[in-house]
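# Per-entry structural report
Now for the letters of each chain:
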Amino acid sequence: MSIHRRAAISVSLLLLCMVVITTGNLSATTEHESIDGQSTPASARPNIILILADDLGVMDVCGYARRVVENPALECRHQTPNIDALASESVVFTRAYATPLCSPSRASLLTGVNGAKLGFNNAFGYRRFKGSYYQSQLPVDEGYDKHDTVLRRHAAPNRAFINGSSSSALAPNGATPSLPALLPDYRSGFIGKWHVGGGIPGYQPADHGFEEIAYLDEGFSFYFDWAKSWDVAGDITQTYLTDNITAQATAWIEAQAKTTQPFFLLVSHFAVHTPLQAIDRDSPARPPLEGSDSQLYSAMVASLDDSVGAIMDTLDSQGLRDNTLVIVVSDNGALETRNGNAITSNAPFKGQKGSVYEGGIRVPLLLYWSDNFGSEHSTIRTSVDLTDLLPTIVSSAGYDIAPYEAYGGGQSLLGLIDSRSTAGNYAKSHFIYDPFYRGELVAGDALSSVPKSVVLNGNHKLIAYHHGQVHLFDLNSDPYESTDISTENTELTKKLLSELRQWEDTIPQRYRSRPNPRFNEESPSPFPPLVGPVHGQ
């Protein structure tokens with residue numbers, strides 16, 4: 001029924017992170033004095049489901065892409081009928097920002113704090129690359145933690161900076177509690193990709209207050225014969241990973257529907273991250289699909305879409321849909337190519353996963369909550385980011401977010417969605433910190449490979465490359481970042497650069513890039529030259 005359903009599967013926040021809020025089988029009224037749930041009794045708190053997609057791009061979801069580029073006739077690259085139906089009844093955010101890579105985004109989402117401030121600047125495989133002190137079994141340098149990547153003491157002479165460090169594990173019960181701790185009346189469940197635990201005991205979902213339905217603390221998973229590598233495999237009823245995550249998630253929802261305790265479920269899919277492995281959805285046996293990389297990717301998107309449909313069908317069958325907040329979101333932009341082969345495309349946006357251009361950081365975001373959201377705003381073009389989801393969820397559940405506001409950088413989105421909300425006016429800048437040399441992420445653009453920092457303020461986006469170059473874009477008139485306007489807007493450029501530098505000072509020093517004492521400007525280099533003043537001067 002899922003792909004033929006009417007718009008009953010309306011998910012109103014498709015950031016590829018699907019958050020669903022439902023009152024379960026409670027009979028409490030859904031008429032609130034404010035959308036924030038401030039007048040809702042504890043016994044009638046909504047349930048919450050957050051669906052987080054992996055590497056799902058801003059142009060990968062058909063109905064969402066059409067709203068983003070304001071072209072209802074856009075020819076879609078992939079078919080997503082379930083998410084499209086959900087989006088048709090949802091609030092769609094067309095300028096939702098993540099970070100270029102998954103672990104920083106996941107840390108931001110779970111804590112409502114920019115991942116860079118927690119040390120999350122990168123993402124890497126724990127078991128294969130063994131980049132942390134813990135995984136490499138090396139003595140921990142002074143000032144570092146076991147979950148940090150090993151201190152880099154040297155860099156090649158053609159690099160002006162030594163790469164920064166990165167945390168691999170999110171500490172529980174610290175100064176920045178994760179979502180379950182802020183939802184004390186809820187039963188919180190987690191299923192899927194964790195990748196913020198560093199492979200370290202004590203940093204896993206249960207340590208953050210989640211019931212571990214099934215999970216893997218890694219950057220990727222195989223989609224067939226996957227269970228043997230998982231930390232907790234759970235019940236295995238399907239051979240294809242995306243299908244099995246869906247089956248376990250829906251079974252967990254059905255079990256919670258028999259209780260009166262509200263629940264929070266984080267469905268963290270590995271789809272559509274590589275490896276590109278898909279099933280033949282047209283065959284009753286659902287065997288592995290053979291085809292080109294782009295065909296496999298489309299089939300993986302379709303399976304993810306099936307998952308959203310199945311979850312919404314379950315809410316319907318259990319009578320939970322009417323007061324359910326659903327958020328769907330992605331952790332970063334799509335990977336466009338693999339080994340020279342086209343996978344998908346973020347066009348007309350520039351860039352891909354790993355880059356700070358729009359194609360790497362702008363992600364789908366939808367928010368649905370039946371009739372609890374007014375009809376005033378179905379498409380919102382204000383820039384928002386992943387740190388905003390935590391205060392949105394917590395305030396929707398009826399809790400005071402003032403304690404979070406003392407340390408967090410997110411703002412509740414409810415004020416943008418509905419005039420009944422008691423949330424204040426939404427006004428904030430968005431920041432990204434990428435202190436690493438990387439491969440050329442945009443063909444012919446050498447600057448895409450050097451360390452950089454970003455601030456988005458209103459319609460303006462400033463990219464400060466650590467080699468000294470600064471680019472400014474007006475995303476209202478130039479959403480595809482084709483024209484640098486920094487030279488004709490010097491005062492605005494200085495203002496944004498100053499704001500960015502002040503924010504960078506809040507990042508712990510050990511995670512930041514630093515000048516390379518061995519740097520030799522005469523060394524042959526693929527990187528652009530330094531122009532003054534360079535980063536940090």
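In the block above lies the structure referred to throughout.
Just so it is clear, the structure is predicted and the values come from calculations on it, not from any experiment. (Residues numbered from 1 in each chain as written. Predicted model: local features only at pLDDT ≥ 70, side-chain atom pairs only at ≥ 80, totals over all residues. Heavy atoms only, no water.)

## Focus on the overall build of the chain
Helix and strand content of the chain: 13 helices and 20 strands. For the chain, restricting intrachain contacts to residue pairs at least 6 apart in sequence, the fraction spanning at least 24 positions comes to 71%. Counting only carbon and sulfur atoms, one obtains 49% of the accessible surface of the chain, whose full area is about 19,900 Å². (Helix = DSSP H or I, 4+ residues; strand = E, 2+ residues; numbered from the N terminus. Contact = heavy atoms within 4.5 Å. Areas by Shrake-Rupley, 256 points an atom, 1.4 Å probe, with all protein chains shown as cover.)

## Points about the state of the cysteines
This model, assessed by the stated rule, comprises one disulfide. Cys62 shares a disulfide with Cys76; S-S distance 1.8 Å. Here the S-S torsion is close to 65 degrees, and the disulfide linking Cys62 with Cys76 is therefore right-handed. Of the two residues, Cys62 is situated in helix α1 (residues 62–68) and Cys76 in the loop between α1 and α2 (81–87); the sequence distance between them amounts to 14 residues. (Disulfide = S-S within 2.5 Å.)

## Considering helix α7 (residues 241–256)
The end-to-end C-alpha separation of α7 is 23 Å, in line with the 22 Å expected for 16 residues at 1.5 Å each. Among the 16 residues in α7, 12 count as buried, and that is most of the element. Three or more residues of α7 are buried, namely Leu241, Thr242, Asp243, Asn244, Ile245, Thr246, Gln248, Ala249, Thr250, Trp252, Ile253 and Gln256. Check the buried side of α7 and you find it contacts β2 (47–53), β6 (187–193), β7 (211–216), β8 (263–268) and α8 (293–317). (Expected span 1.5 Å × (residues − 1). Buried < 20%, exposed > 50% of the residue type's maximum accessible area, 1.4 Å probe, protein only.)

## Points about the side chain of Asp54
Here Asp54 is to be found in the loop between β2 and α1. We classify Asp54 as buried; its relative accessible area is 0%. In this structure, Asp54 is in contact with Cys102, Arg106, Lys193, Gly219, His269, Phe270, Ala271, Val272, His273, Ser330 and Asp331, ignoring residues within four places of it in sequence.

## Digging into the environment of Val68
Looking at the secondary structure, you find Val68 in helix α1. It is 8.4 Å that separates the C-alpha atoms of Val68 and Phe93, two residues lying 25 residues apart in sequence. With residues near it in sequence (within four places) discarded, Val68 still touches Val58, Thr94, Phe349, Arg362 and Arg381.

## Concerning the sheet that holds strand β4 (residues 96–97)
If you walk across this open sheet you meet the three strands as β12-β4-β15, and the pairing is mixed. The open sheet terminates on both sides in strands that have one partner only, identified here as β12 (362–363) and β15 (384–385). Two elements, β4 and β12, share two bridges in a ladder whose sense is antiparallel. The partner of Ala96 across the bridge, within β12, is Val363. (Pairing = 2+ DSSP bridges.)

## Describing the packing of α7 against α8
Packing of α7 against α8 leaves a shortest axis separation of 10 Å and a crossing angle of 10 degrees. The pairing of α7 with α8 is recorded here as roughly parallel in orientation. Across the interface between the two elements, Thr242, Thr246, Thr250, Ile253 and Glu254 of α7 pack against Ser303, Leu304, Ser307, Ala310, Ile311, Thr314 and Leu315 of α8. (Axes fitted to C-alpha atoms, helices over the stretch in contact; angles between N-to-C directions. Parallel < 35°, antiparallel > 145°, perpendicular 65-115°, else oblique.)

## A closer look at the pattern of salt bridges
Enumeration over the complete set of coordinates arrives at 25 salt bridges. In this structure, Arg338 and Asp293 form a salt bridge, with 3.0 Å as the shortest nitrogen-oxygen distance. In this pair, Arg338 is assigned in strand β10 (residues 337–338) and Asp293 in helix α8, connecting sequence segments 45 residues apart. With relative accessibility at 11%, the residue Asp293 sits in the buried group. Close ionic contact of Glu481 with Lys461 constitutes a salt bridge, the shortest N to O distance being 2.7 Å. Within this pair, whereas Glu481 is found in the loop between β19 (470–474) and α13 (490–504), its partner Lys461 is found in strand β18 (residues 460–465), the two being separated by 20 residues in sequence. When its relative accessible area of 2% is taken as the criterion, Glu481 is described as buried. We classify Lys461 as buried; its relative accessible area is 0%. (Salt bridge = Lys/Arg side-chain N within 4 Å of Asp/Glu carboxyl O.)

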